[in-house]
Amino acid sequence: MLAVYSDDNALHDPDHFISRGVKIAVRESPERANQLLAALRDGAHEIRTPRDFGRDALLSVHDPRYIHFLANAYDNWQTLPEPRGPFVLANSYAMRQMKTLPTSFEGQLGFFLSGNSVPIGPHSWRAIASSANCALEAADAVRSGASESYALCRPPGHHAYADLAGGYCYLNNSALAAQHLRGRFARVAVLDVDVHHGNGTQGIFWERGDVLTVSIHGDPNTGYPWQVGYAGERGEGEGFGKNLNLPLPLSTSDEPYLAALDHALAAVRAFEPEACVVALGLDAFEEDSSEMMRVTTAGFGAIGARIGAQKLPSVIIQEGGYAVDALRRNLGSFLGGFLSARAG
Ligand SMILES: [Zn+2]
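Source: prediction; values computed, not measured. (Residues numbered from 1 in each chain as written. Predicted model: local features only at pLDDT ≥ 70, side-chain atom pairs only at ≥ 80, totals over all residues. Heavy atoms only, no water.)

Brief notes about the layout of surface pockets
Here the second largest pocket is characterised by a volume of approximately 170 Å³. Residue lining of the second largest pocket: 13 residues in total, with D52, G54, A129, S130 and N133 positioned closest to the centre. Contributions of two or more residues to the lining of the second largest pocket are made by α2 (54–58) and α5 (124–143). With 5 residues, α5 is the single largest residue contributor to the lining of the second largest pocket. Its residues assigned to classes, the lining of the second largest pocket shows 4 nonpolar, 4 polar and 5 charged. (1 Å grid on protein atoms, 1.4 Å probe; cavity = no way out; pocket = protein on both sides within 12 Å on 5 of 7 lines; lining within 4 Å. Points joined across faces, edges and corners; volume = space filled by probe spheres on them. Helix = DSSP H or I, 4+ residues; strand = E, 2+ residues; numbered from the N terminus. Nonpolar A, V, L, I, M, F, W, Y, C, P; charged D, E, K, R; others polar.)

Below, the structure written as C-alpha cells:
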C-alpha cells in the first residue's frame, strides 16, 4: 500500500521530561520511526515523501493562535531571560476556570501546552508540520481514490486538541486526515486503537455529527490522559452519540481486546461511514513501557484483519508505540493482517 514518510521527523528529538518527579528520557524517539520505516520496507510498500499542504490545511482543525504559537515557540523561548533550558516547557498551566489567553509568550506556554511531555526543540516545528503533511498526503491519496494508505507520523497527534498540545502530541494528524477525507466523503469514522485515549480527536469532533470518534484504550483512571476517556463521554449537540469510548482494564490480552474491537466496529458500521481513519498506536503491546495491556504481535495482526475486513476506504495514521525493538514486527503484523483481509 502507499505509505508516507519524511526524514524530517528526526528533527524533533527532545531528550527528557519529568514523570512521577523523575527526569526520564523521552520515549517518543526518532528511532521509533526508523523501526517503523523498516517494517514498510519489509512489506515492499510504496514509500512517498509528503507535499507541504501549507498552514491553511492545519487550520482545518486547529486554532490559528495555537499554530502561530507552535511555529514560533522555540524562537520566542530564546527571548526569555536566563536561566532557561534547551527545550520549550511550560511552568504554570491553565486549569479549569482559567480561560484567558495571555498576550505574553511566557503566559501562553501553559495555555497551549498541557504538560511537560510536549517539549519543543530548535527544529521541532519542522518535524511537527511534516508529520501533519504525512497524514494529509495519505488522506489525499484515499480522497483521490486509493482504497488505503498509511502515514508514518512522528511526532504522533491524537492527544492534541484544536489549541492544546499534550502527551507527545502537537498537531492532531488523525483529525487532519479525517477532515481532509470529509472533502469527498460525507461521513468519516475515526477508530483509535492506541492504548491511550484519543482525547484530542474526541475534543476536536465533540460537537460534530459527520465524524464518528471511537477509542479503545486503557482505563484512564490508571494512565494518561487520566481526566478524559471515560465511557460516559458521548459528545454534545449534533455530536451526541457520535463519540464512543471503550476503556479496558489493565493487562487486557488479545481475546478481550478483540471482543472490544468487535463492539467498536459494530458502532462504526452503524454510523455508515464512507471512509475510516485508523489511529494506530502499537503501545497496547505486552512489552510496551506503557504497561497497560498485553496485546501480542499476532494480536496486532488480528486487529488489522478485523479492521481491514470492513472494506472501507481507510487511512492508517501512526500514533504511539514505545517498545522500539518490537515496532517493526508489530507494524508488519498489523499491516499484513489488514491487507490480507482486504484481499479476501
Ligand atoms: Zn499511546
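Observations concerning the packing of helix α3 (residues 64–77) against helix α4 (residues 105–112)
Where α3 contacts α4, the axes come no closer than 11 Å and their chain directions differ by 125 degrees. One way to sum up the angle between α3 and α4 is to call them oblique. By crossing handedness, the relation of α3 to α4 is classed as left-handed. In this structure, α3 uses R65, Y66, F69, A73, N76 and W77 to contact α4, whose residues at the interface are F105, Q108, L109 and F112. (Axes fitted to C-alpha atoms, helices over the stretch in contact; angles between N-to-C directions. Parallel < 35°, antiparallel > 145°, perpendicular 65-115°, else oblique. Left-handed = near helix turned anticlockwise from the far one by under 90°. Contact = heavy atoms within 4.5 Å.)

Quick look at α5
Over its 20 residues, α5 extends 28 Å from the first C-alpha to the last, a length consistent with the 28 Å expected when each residue adds 1.5 Å. For α5, a buried count of 18 out of 20 residues is recorded, marking the element as mostly surrounded by other parts of the structure. Once α5 finishes, G145 follows within two positions and takes phi at roughly 125 degrees, a positive value. (Expected span 1.5 Å × (residues − 1). Buried < 20%, exposed > 50% of the residue type's maximum accessible area, 1.4 Å probe, protein only.)

Notes on the coordination of the zinc ion
Only D194 (OD), H196 (ND1) and D283 (OD) from the protein coordinate the zinc ion, and they sit 2.0 to 2.1 Å from it. Each donor residue of the zinc ion belongs to the same chain, with the gaps between them written as D-x1-H-x86-D. In terms of burial, D194 and H196 fall into one category: buried. (Donors = N, O, S within 2.8 Å, 3.2 Å for Na, K, Ca; no water.)

Here we look at empty space enclosed by the protein
Inspection of every chain in the model, using the stated rule, returns 2 cavities of 30 Å³ or more. Taken as a whole, the largest cavity encloses approximately 40 Å³ of empty space. Looking at the largest cavity, the residues that line it are V190, D192, H197, G198, T201, Q202, T213, V214, S215, N243 and N245. Listed by contribution, the elements that provide at least two residues to the lining of the largest cavity are β6 (188–192), α7 (199–204), β7 (211–218) and β8 (243–248).

Overview of the pattern of salt bridges
Counted by the stated rule, this structure contains 14 salt bridges. Salt-bridge contacts for D42 lead to R328; the nearest nitrogen and oxygen are separated by 2.8 Å. In this pair, D42 is assigned in helix α1 (residues 30–42) and R328 in helix α10 (residues 324–343), connecting sequence segments 286 residues apart. Of the charged contacts in the structure, one is a salt bridge between E148 and R342, with a shortest N-O distance of 2.8 Å. Separated by 194 residues along the polypeptide, E148 in strand β5 (residues 148–151) and R342 in helix α10 bring together distant segments of the chain. No difference in accessibility class separates E148 from R342, as the two residues are buried. One connected set of salt bridges, linked through shared partners, spans E46, R48, R51, E137 and D140. (Salt bridge = Lys/Arg side-chain N within 4 Å of Asp/Glu carboxyl O.)

A word on the nonpolar core
Among the nonpolar cores identified, the biggest contains 54 residues, and L109, L113, W125, L171 and L181 are the most heavily contacted of them. For this core, the element with the highest residue contribution is α5, accounting for 11 residues. Excluding residues that lie within four positions of it along the chain, L181 makes contacts with A139, V142, R143, V188, A275, C276, V277 and V315. (Core = buried A, V, L, I, M, F, W, Y, C linked by side-chain atoms within 4.5 Å.)

A closer look at the environment of V214
Along the chain, V214 falls in strand β7. Here V214 falls in the buried class, since its relative accessible area comes to 3%. Taking the C-alpha atoms as reference points, V214 and H16, separated by 198 residues in sequence, lie 31 Å from one another.

Describing the side chain of S130
Of note, S130 is situated in helix α5. Residues contacting S130, with those up to four places away along its chain left out, are S6, D8, N9 and P50.

Focus on the packing of helix α9 (residues 297–308) against α10
As a packed pair, α9 and α10 sit with axes 7 Å apart at the nearest point and diverge in direction by 30 degrees. Considered as vectors, α9 and α10 are oriented roughly parallel to each other. Viewed along their axes, α9 and α10 form a crossing whose handedness is right-handed. Facing α9, whose interface residues are T297, A298, F300, G301, I303, G304, A305, I307 and G308, α10 presents R329, N330, S333, F334, G337, F338, A341 and R342. Of the residues assigned to the contact of α9 with α10, the class counts are 8 nonpolar, 7 polar and 2 charged.

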